[in-house]
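Chain and residue survey
Chain by chain, the residues run as shown.
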Amino acid sequence: MAPSAHRAPRDPNSPVATFSHARLAFGSRVLWEDLNLTISPGEFVAVLGPNGSGKTSFLRCLLGQYGLDAGQLEVTDAIGYIPQQHADDSDPMAMRGRDLVGFGVDGARWGIGLRGRGRRRQLVDAALAEVGATAYADAPMGLLSGGEQQRLRVAQSLTSDPALLLCDEPLSSLDPTNQHRVVELIDERRRSANTAIVFVTHEINPILPYVDRVLYLVGGRFRIGTPDEVMTTATLSNLYGSDVEVLRVNGRLVVIGGEDGHHCEEHADPPVFPAAAVDPSPVVNAERDPRA
Ligand SMILES: Nc1ncnc2c1ncn2[C@@H]1O[C@H](COP(=O)(O)OP(=O)(O)O)[C@@H](O)[C@H]1O
Ligand SMILES: [Mg+2]
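Residues numbered from 1 in each chain as written. Chains lettered and ligands numbered in written order. Predicted model: local features only at pLDDT ≥ 70, side-chain atom pairs only at ≥ 80, totals over all residues.

**Some thoughts on the overall build of the protein**
Here is the rule: Secondary structure elements are taken from DSSP: a helix is a run of H or I of four residues or more, a strand is a run of E of two residues or more, and numbering for both begins at the N terminus. Here exposure depends only on C-beta density: within 10 Å of a residue's C-beta, 20 or more other C-beta atoms make it buried, 12 or fewer make it exposed, and intermediate numbers make it partly exposed, the C-beta atoms being placed from the backbone. Any pair of residues counts as being in contact when their C-beta atoms, constructed from backbone geometry, are within 7 Å of one another.
A tally of helices and strands in the protein yields eight helices and twelve strands. By the burial criterion, 40% of the 292 residues in the protein qualify as buried. Of the contacts formed within the protein by residues at least 6 apart in sequence, a portion of 69% connects residues at least 24 apart.

Given below as structure tokens:
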């Protein structure tokens, strides 16, 4: 792979990221090629696509962890990151929320210096306050709800004062009410600091009201556009190379037939929140292969 992305210092008037004729492949497996995308300050970009289509790899390119095989990427050096959640070995009863957020400060700033401890504490307190997590910051992580834990992970990502915030499926383990709260929190950061958001998700409905543009990845191909442009029967059928139907029901999108199946719920009730009727429906559609 080519060297990692070129990093540009923060400039409120410049794009936070620009992909030019970008290509990423692993061996013969091409995730995308000739990708041109400019992300502006304050823009909310959703990255959608089936499992294995390259959503996390797209974030890793922005982080400089993966280099492009061809083309260029210019990206701000002020990046916050909420990684995809995996089970890990750390003892949830031994770590407080405040500790988790502190790791963000340590990772973002090398050698915090002589006045380091006071400054570190200030940064942690500010991030905790920004997400409204001060009240439970000293409790063990293991005693907190999923929503509270995710709030702390958002706080951790904000300690670097990011111009670009990368979120990898941050809603996947949350109930609809907490999904709504976490999305609101991230969007609040976008509005208050003009932070651009790149939000990976396999379920667009919880974020649909906030999304400016969609990058939809499928099997080495992609589409970029507004949700109205990309989330249509014609565009997705073309992208998947098979029949996909997009329905709009009570302001929500229901995608039938895409691999992963964004949704296949039978809810008739109008949702309380945009996220309220989310049904991950892992069984029915997860096995469906549009190429079959
Ligand atoms: N470091 C790597 N080396 C080889 N293959 C990789 C690497 N990272 C990702 N891939 C492959 O790239 C594809 C996309 O992975 P990923 O970006 O994690 O997909 P997604 O997040 O959309 O599920 C997968 O087939 C994965 O196995
Ligand atoms: Mg992923």
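Having seen the model, we can carry on.
**A short note on the pairing of strand E9 (residues 213–218)**
Consecutive side chains of a regular strand alternate in pointing toward one face of the sheet and then the other. Applicable threshold: Whether two strands pair depends on DSSP finding at least two bridges between them.
Of all six residues that make up E9, five are buried, and the element is covered over most of its length. Pairing analysis gives four bridges linking strand E4 (residues 44–48) to E9, with the strands arranged parallel. Its bridge partner being in E9, Ala-46 is matched across the sheet by Val-214. The pairing of E9 with strand E10 (residues 221–225) spans five bridges and is classified as antiparallel. Bridged to Val-218 within E10 is Arg-221. As consecutive antiparallel partners, E9 and E10 are separated by two residues, and within that stretch Gly-219 has a phi angle of approximately 50 degrees, a positive value.

**A short note on the sheet that holds E4**
Basically, it comes down to this: Inter-axis angles, ranging from 0 to 180 degrees, are taken between N-to-C directions of lines fitted to C-alpha atoms, where helices are fitted over the stretch in contact.
As summarised here, the arrangement of the six strands in space is E6-E7-E8-E4-E9-E10, forming an open sheet in which the pairing is mixed. With one partner strand each, in any of the chains shown, strand E6 (79–82) and E10 form the two edges of the open sheet. Neighbour to neighbour, the strand axes of the sheet diverge by 15 degrees on average, direction disregarded. Bridge count between E6 and strand E7 (residues 164–168): four bridges; the pairing is parallel. Looking at the pairing, Ile-79 lines up with Leu-164 of E7. With respect to the sheet, helix H5 (residues 176–193) is in contact with E4, E7 and strand E8 (196–200), its orientation differing from that of E7 by roughly 165 degrees.

**Here's the deal with the nonpolar core**
Stated formally: Under the definition applied here, buried Ala, Val, Leu, Ile, Met, Phe, Trp, Tyr and Cys residues are grouped into a nonpolar core through C-beta atoms within 7 Å. Segmentation of the chain into domains, including their bounds, is taken from an automatic or database domain assignment.
Ranked by internal contacts, the top residues of the largest apolar core, which has 72 residues, are Val-47, Leu-166, Val-198 and Phe-199. When residues are assigned to domains, this core turns out to be shared by domain 1 (6–78 + 198–286) and domain 2 (91–157), each giving three or more. Leu-166 has contacts with Leu-59, Leu-62, Leu-63, Ile-79, Gly-80, Tyr-81, Ile-82 and Val-198, leaving out every residue within four places of it along the chain.

**What about the site of ligand 1?**
Keep this limit in mind: By definition, a residue lies near a molecule or strand provided its backbone-derived C-beta atom is within 6 Å of it. For this classification, Asp, Glu, Lys and Arg are treated as charged, while Ala, Val, Leu, Ile, Met, Phe, Trp, Tyr, Cys and Pro are nonpolar and the rest, including Gly, are polar.
In the vicinity of ligand 1, the contacting residues are Phe-26, Leu-31, Gly-49, Asn-51, Gly-52, Ser-53, Gly-54, Lys-55, Thr-56 and Ser-57. No other element matches the three residues that helix H1 (residues 55–62) contributes to the shell around ligand 1. Looking at the shell around ligand 1 residue by residue, the classes come out as two nonpolar, seven polar and one charged.

**Comments concerning the environment of Ser-160**
In this fold, Ser-160 is placed in the loop between helix H4 (146–158) and E7. In sequence terms Ser-160 and Ile-79 are 81 residues apart; their C-alpha atoms lie 7.1 Å from each other.

**Section: the environment of Tyr-216**
Structurally, Tyr-216 can be placed in strand E9. By the C-beta count within 10 Å, which is 25 here, Tyr-216 ends up buried. Residues Tyr-216 and Val-200 lie 16 residues apart in sequence; the distance between their C-alpha atoms is 10.0 Å. Residues within four places of Tyr-216 in sequence aside, it is in contact with Leu-48, Gly-49, Phe-222, Arg-223, Val-230 and Leu-239.

**Regarding unusual backbone geometry**
Glycine aside, residues mostly have negative phi, and peptide bonds are mostly found in the trans state. With a phi close to 50 degrees, Glu-169 is a non-glycine residue in the positive phi region. Along the chain, Glu-169 falls in the loop between E7 and H5. Classification of Glu-169 by C-beta neighbours within 10 Å gives partly exposed; the count is 18. A positive phi angle, near 55 degrees, is found at Asn-194, a position not held by glycine. Along the chain, Asn-194 turns up in the loop between H5 and E8.

**Re H5**
Applicable threshold: A helix is expected to span 1.5 Å multiplied by its residue count minus one.
The terminal C-alpha atoms of H5, which comprises 18 residues, lie 26 Å apart, in line with the 26 Å expected from a rise of 1.5 Å per residue. Looking at the buried residues of H5, the elements they touch are H4, E7 and E8.

**Focus on the packing of H4 against H5**
When two helices pack together, their arrangement is given by the angle between the helix axes and by the axis-to-axis distance. Condition: Oblique is the label for any angle not covered by the other classes, which are roughly parallel (under 35 degrees), roughly antiparallel (over 145) and roughly perpendicular (65 to 115). Here is the rule for handedness: rotate from the far helix to the near one, and if that takes an anticlockwise turn smaller than a right angle the crossing is left-handed, while a clockwise turn gives right-handed.
Following both chains from N to C, one finds H4 and H5 inclined at 15 degrees, their axes separated by 9 Å at the closest point. Viewed along their axes, H4 and H5 adopt a mutual orientation that is roughly parallel. In terms of crossing hand, the pair formed by H4 and H5 is right-handed. Of the residues in H5, those touching H4 at Gly-146, Gly-147, Gln-150, Arg-151, Val-154 and Leu-158 are Asn-178, Arg-181, Val-182, Leu-185, Ile-186 and Arg-189. Here the residues of the contact of H4 with H5 are counted per class, giving five nonpolar, four polar and three charged.

**Considerations on H1**
Short version of the rule: This arc is built from the directions going out from the helix axis to the C-beta atoms.
Within H1 the residues assigned to the buried category are Lys-55, Phe-58, Leu-59, Cys-61 and Leu-62. Looking straight down H1, one finds that the buried residues subtend no more than 155 degrees of arc, so they occupy a single side. Count one or two residues on from H1 and you reach Gly-64, which has phi positive near 80 degrees.

The quantities given are spatial measurements derived from coordinates; they are silent on function.
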